[in-house]
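Structure at a glance
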Amino acid sequence: IRRATATYKTAFGQLGSVCPKVRKSHARWIFMDFVDGKTLTQYIQEDLHALRDKPGKAELFVNTVSEIFTKLCDALATCADRKPPIHHFDLSPDNIIITTQNRTIQSITLIDFGINYLLLTHLGTSANLARANIFISPEIRDTATGDDLSDVYSLGLILLEMLAPSPLSGID
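The paragraphs below set out a description of the structure included in this document. (Residues numbered from 1 in each chain as written. Predicted model: local features only at pLDDT ≥ 70, side-chain atom pairs only at ≥ 80, totals over all residues. Heavy atoms only, no water.)

**Brief notes about the nonpolar core**
If you look at the biggest cluster of nonpolar residues, it comprises 26 residues, and the most contacted ones within it are Leu-40, Ile-68, Leu-72 and Ile-96. Mapped onto this core, the elements with two or more residues apiece are α3 (40-52), α4 (58-80), β4 (96-101), β5 (104-110), α6 (130-135) and α8 (150-163). The element contributing the most residues to this core is α4, with 7 residues. Every residue in contact with Ile-96, bar those within four places of it in the chain, is listed here: Lys-38, Thr-39, Leu-40, Leu-72, Leu-91, Ile-108, Thr-109, Leu-110, Ile-111 and Ile-158. (Core = buried A, V, L, I, M, F, W, Y, C linked by side-chain atoms within 4.5 Å. Buried < 20%, exposed > 50% of the residue type's maximum accessible area, 1.4 Å probe, protein only. Helix = DSSP H or I, 4+ residues; strand = E, 2+ residues; numbered from the N terminus. Contact = heavy atoms within 4.5 Å.)

Quick look at the structure:
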């Protein structure tokens, strides 16, 4: 973990508005800018599902889900367009920060790039990854390696999580 943590800044620290700026990384810590907002998990529970459940707000609910999903796709495209491409490999609602102002979504920020990669690569696979494990693509979960489609798998499950009436549970 020391080697992976120490190189986090080089690997993920300069992604602009997609990711908090990493100021410094060391063998035991990563220092990055604070991002004010809610995780997507919190936003889904506190705002999105409350909106879905209000009579006459179905169109606003669908439009909000569409806006979040579009911004997520744009953020991942920014990463994939880098040379070499950067993949998240740990995309889940807990690793996405939603910043709002006056109930309007201002930005989406991706955090904790590759953290499960670090765990799987340096500590071995673990059943203790619990809920976050739901969003990890099967190839990462099974072999600790990902590809261009790993984040797409996670993105699909995040869309399902936003639309579902309750949080997803279980890997299958």
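**Here's the deal with the pattern of salt bridges**
A side chain with one charge may pair with a side chain of the opposite charge, provided their charged atoms come close. A complete count under the given rule lists 3 salt bridges for this structure. Lys-38 serves as the salt-bridge partner of Glu-46, at 2.9 Å between the closest nitrogen and oxygen. One salt bridge in this structure joins Arg-52 and Asp-53, with 3.1 Å as the shortest N-O distance. The class for Arg-52 is partly exposed, based on a relative accessible area of 22%. (Salt bridge = Lys/Arg side-chain N within 4 Å of Asp/Glu carboxyl O.)

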